[in-house]
Amino acid sequence: MTEHLHLSGVSHGYGDRQLFDGVELVITSGEHVAIVGENGAGKSTLLRILAGLEPPDAGTAARHGRVGYLAQTHGLPPSFTVGNAIDDALAALRGIEAELARLEVGLAGAEADVLESYGRLQTQYQLREGYAADSRVEAALDRLGLGGLDRERTLGSLSGGEQERVALACVLADPADILLLDEPTNHLDARGTAWLEARLAAHRGTVVVVSHDRVLLRKVASTMIEVDAERRTVNRYGNGYEGYLREKAAERQRWVQQYHGWLDAMAAERLQADTVAGKMGYARQRDGDKMGFDFKAGTWQRAASSKVRNARERLRRLEASPVDRPPVPLRLATVLLADVAAGPALEAKGVMVPGRLGPTDFRAEAGQKILITGPNGAGKSTLLAVLAGTLEPAEGAVMRPGRIGYLQQELELPQRPGLRLLPAFAAGLGGNIDEHAEALLRLGLFRTSEFHVPVGSLSAGQQRRLALARLLLGGFGTMLVDEPTNHLAPVLVEQLEAALSDFAGTLIMVSHDRALGEWFSNCAREAGNERGAGAGNWLRYAMRDGALA
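In this text, all values refer to a predicted model and were calculated from it rather than measured experimentally.

Engineer: Which residues make up the environment of Pro417, and what values go with them?
Structural biologist: When you line up the elements, Pro417 lands in the loop between β14 (404–407) and α12 (421–426). Spatially, the C-alpha atoms of Pro417 and Val455 are 5.3 Å apart, while their sequence positions differ by 38 residues. Other than its neighbours up to four places away in sequence, Pro417 contacts Pro454, Val455 and Gly456.

What follows is the structure in structure tokens.
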């Protein structure tokens, strides 16, 4: 069989929450596939079902060939040494080595069947390049920033990121026919990520990767699979990441056409019913033949009544099967000119948080766009929280002349989990609830059917969208956004970048997203090309060990 992975009629969920319903999916030998969708949609669950680690509630999941699986958290005991983890990953090859050694002892006078078994095992060992397995592990550890790591170190003595990199090196030490990887670029630096992209692109077998990393998606995936949380479906798109974006745009255009067709049909049926009903009872001029007139009038009235009933019935059916209004591309609320007047939009002097942020001065002019990058633990999120006012510094002060919108990296749990989505969105914004419902629908982040869902029941992706909606429609002159692409589906991230590029106010971002970094650089170049010195409004800072470079 050429197919390596096959889901048939798969349905799955947890408690009252259904993730998939009747999924049909085939991934063939040698395909390189990326699974995308917002956080909480079920991407990791789908990968576990494909790996055979979690049985579906209904349907079947089949796989043909050896599977190598990398979870977001490796699950190995902390008492395991690095050497134990490597030996565990290479256990199958170690077993072949031991069997070859056993057979070699009596190979000189062996029977034909023993020679045949030996030859088969040797071929299998060579095809898997077993002789190079240990050197592959060493090379992988080196490329992943762990060169020279002591094999006697316990996993528990390593940081979380180091443990995940060891796990990734182990998965790639004896490459399986099918590689299933869940967010493999987490905890990798630029060098490690570039090596992994090349390694996966060159893999001759099947690759299925769950990732939010759009650069990796472009370089590795020839097929995209989107987990749609709202429709509980799994949809397949060809022609790589760019083809996926084009097809999503075409889907949206078809949706727009379908919606306007539905509106036109509703208007036509209303007009038909109202026009015919208006003519009913209108007295035709008598021609002297009373009996003929009464007969013709009665016939016309019956025909007209039938037309009205039919039009109203067609209207009722249209109303019973509405087409949701398609979302417009993301856009920001209008920013008042007073909020982007000349002068600093935000200024910090000597702010310091012990152990997290060294004494720091920071100034953002009105209208500037600033991107702050740096490794995990460098103090980026701490600085943003101090600027936003959610974290008080031990020393120093922050001046905030205007209104500031702040999107945190990890959202806090809702204080009122029973509060419905629409009132939660409208809280503190003023105006009436109908206006807020209309604004939220136009933004396209939620459907009307979701307005009554308690915020405590929202997925991580939905929580992120709710916070994003309040930020985008808040009319803030200054926005602080920490990892804005976290938990969002790729199409929504692309729209968010377009919206931010047109933002007239001050924007300060923290991000590890390589694609967002490329977008920022492109915006800076375009600003310089179009407005000369305007490129000075797009600034990039690096941060390390609690200090801005």
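Engineer: How would you explain the packing of helix α3 (residues 91–105) against helix α4 (residues 112–127) if you had to name every residue and give the values?
Structural biologist: Taken N-terminus to C-terminus, the directions of α3 and α4 make an angle of 145°; their axes are 10 Å apart at the nearest point. Remark: the crossing between α3 and α4 carries left-handed chirality. Across the interface between the two elements, Leu93, Ile96, Glu97, Glu99, Leu100, Leu103 and Glu104 from α3 touch Val114, Ser117, Tyr118, Leu121, Gln122, Gln124 and Tyr125 from α4. Of the residues in the contact of α3 with α4, the class split is eight nonpolar, three polar and three charged.

Engineer: I'd like a rundown of the sheet that holds β14, residues and numbers included.
Structural biologist: Pairing within the open sheet is mixed, and its six strands lie in the order β14-β15-β16-β12-β17-β18. Here the strands that pair on one side only, and so sit at the sheet edges, are β14 and β18 (547–548). As defined by bridge partners, strand β12 (residues 369–373) adjoins strand β16 (residues 506–510) across four bridges and the pair is classed as parallel. Each residue of the ladder has a partner; that of Ile370, found in β16, is Ile508. Together, β14 and β15 (478–482) form the strand contacts of helix α14 (residues 460–472), whose direction differs from that of β14 by roughly 165°.

Engineer: Let's hear about the nonpolar core: which residues, and what values?
Structural biologist: Membership of the largest hydrophobic core comes to 49 residues, with the highest contact counts inside it found for Val166 and Met224. Tallying contributions element by element places helix α6 (residues 160–173) first for this core, with eight residues. Setting aside residues up to four positions removed in sequence, Met224 forms contacts with Ala34, Val36, Leu217, Asn235, Arg236, Tyr237, Gly240, Tyr241 and Tyr244. Membership of the second largest hydrophobic core comes to 39 residues, among which are Ala424, Val455, Val481 and Leu516.

Engineer: Go over the confidence of the model for the protein, please, and point to the residues and values.
Structural biologist: When pLDDT is averaged along the protein, the result is 85, and 90% of the positions lie at 70 or above. Residue range residues 335–340 is modelled with pLDDT below 50. Its contacts to residues more than four positions away, or to other chains, number nine contacts. When the criterion is pLDDT under 50, residues 530–535 qualifies, and its contacts beyond four places in sequence or with other chains add up to six contacts.

Engineer: Explain the pattern of salt bridges to me, and be specific about the residues and the numbers.
Structural biologist: Inspection of every chain in the model, using the stated rule, returns 29 salt bridges. Where Glu99 meets Arg102, a salt bridge forms, and the shortest distance between an N and an O atom there is 2.7 Å. Pair noted here: Glu99 and Arg102 are both in helix α3, with a separation of three residues, about one helical turn. Residue classification places Arg102 among the exposed positions, given a relative accessible area of 52%. With a closest N to O distance of 3.5 Å, Glu129 and Arg136 form a salt bridge. Here Arg136 falls in the buried class, since its relative accessible area comes to 17%.

Engineer: Summarise the packing of aromatic side chains; cite the residues concerned and give the values.
Structural biologist: Under the criterion given, the structure shown has eight aromatic pairs. Aromatic pair Tyr237 and Tyr244: ring centres 5.2 Å apart, planes at 75°, arrangement edge-to-face. Within the aromatic cluster, the residues linked to one another by ring pairs are Tyr237, Tyr241 and Tyr244. Sitting over the ring of Trp255, Arg231 keeps its end group 5.9 Å from the ring centre.

Engineer: Got a sec to walk through the sheet that holds strand β13 (residues 395–399)? Specific residues and values, please.
Structural biologist: The antiparallel open sheet is built from three strands, whose spatial order is β11-β10-β13. At either margin of the open sheet sits one strand with a lone partner, and together these are β11 (357–365) and β13. This sheet shows a mean twist of 5° between the axes of neighbouring strands, independent of strand direction. Here strand β10 (residues 344–353) runs beside β11; their pairing, made up of six bridges, is antiparallel. Following the sheet pairing, Val353 is matched in β11 by Leu357.

Engineer: So what's going on with the pairing of strand β6 (residues 178–182)? Residues and values would help.
Structural biologist: Among the five residues in β6, five count as buried, and that is most of the element. Every second residue of β6 is oriented toward a common face, with Ile178, Leu180 and Asp182 on one face and Leu179 and Leu181 on the other, all of them buried. In the sheet, strand β5 (residues 67–70) pairs with β6 via four bridges, with the strands oriented parallel. Each bridged residue has a counterpart across the sheet, and for Tyr69 the counterpart in β6 is Leu180. Bridge analysis of β6 against strand β7 (residues 206–210) gives five bridges, and the strand direction is parallel. Within the sheet, the bridge partner assigned to Leu181 lies in β7 and is Val209.

Engineer: A description of the side chain of Glu38 should follow, citing residues and the corresponding values.
Structural biologist: Position of Glu38 relative to the elements: it lies in the loop between β3 (32–36) and α1 (43–51). The class of Glu38 is buried, set by a relative accessible area of 9%. Reaching out from Glu38, the side chain makes a polar contact with the side chain of Arg465 at a distance of 2.8 Å. Apart from the residues within four sequence positions on either side, Glu38 is in contact with Lys43, Ala229, Ser459, Gly461, Gln462, Arg465, His487, Leu488 and Ala489.

Engineer: Can you tell me about the environment of Thr73, naming the residues and giving the values?
Structural biologist: Topologically, Thr73 is positioned in the loop between β5 and α2 (82–89). A relative accessible area of 59% places Thr73 in the exposed class. Distance from Thr73 to Gly161, taken between C-alpha atoms, is 9.7 Å for residues 88 residues apart in sequence.

Engineer: Lay out helix α13 (residues 433–443) in plain terms, naming residues and giving numbers.
Structural biologist: Turning to α13, its buried residues are His436, Ala437, Ala439, Leu440 and Leu443. The buried side chains of α13 occupy one side of the element, clustering within an arc of 165° when seen end-on. Of the surrounding secondary structure, the elements contacted by the buried residues of α13 are α12 and α14. Sitting at the amino-terminal end of α13 is Asn432, which places a side-chain oxygen 3.1 Å from the backbone nitrogen of Asp434.

Engineer: For unusual backbone geometry, give the residues involved together with the corresponding values.
Structural biologist: Positive phi outside glycine occurs at Glu129, with the angle close to 50°. One can find Glu129 in the loop between α4 and α5 (133–143). One non-glycine residue, Asp545, lies in positive phi territory at about 55°. Here Asp545 is to be found in the loop between β17 (538–544) and β18.

Cut-off values and rules
Residues numbered from 1 in each chain as written. Predicted model: local features only at pLDDT ≥ 70, side-chain atom pairs only at ≥ 80, totals over all residues. Heavy atoms only, no water. Helix = DSSP H or I, 4+ residues; strand = E, 2+ residues; numbered from the N terminus. Contact = heavy atoms within 4.5 Å. Axes fitted to C-alpha atoms, helices over the stretch in contact; angles between N-to-C directions. Left-handed = near helix turned anticlockwise from the far one by under 90°. Nonpolar A, V, L, I, M, F, W, Y, C, P; charged D, E, K, R; others polar. Pairing = 2+ DSSP bridges. Core = buried A, V, L, I, M, F, W, Y, C linked by side-chain atoms within 4.5 Å. Buried < 20%, exposed > 50% of the residue type's maximum accessible area, 1.4 Å probe, protein only. pLDDT = per-residue confidence, 0-100. Salt bridge = Lys/Arg side-chain N within 4 Å of Asp/Glu carboxyl O. Phe/Tyr/Trp six-rings, centres within 6.5 Å; stacked < 30°, edge-to-face > 60°. Lys NZ or Arg CZ within 6 Å of the ring centre and 35° of its normal. Polar contact = N/O pair within 3.5 Å; in protein donor to acceptor, adjacent residues only side chain to side chain. Arc of directions from axis to C-beta.

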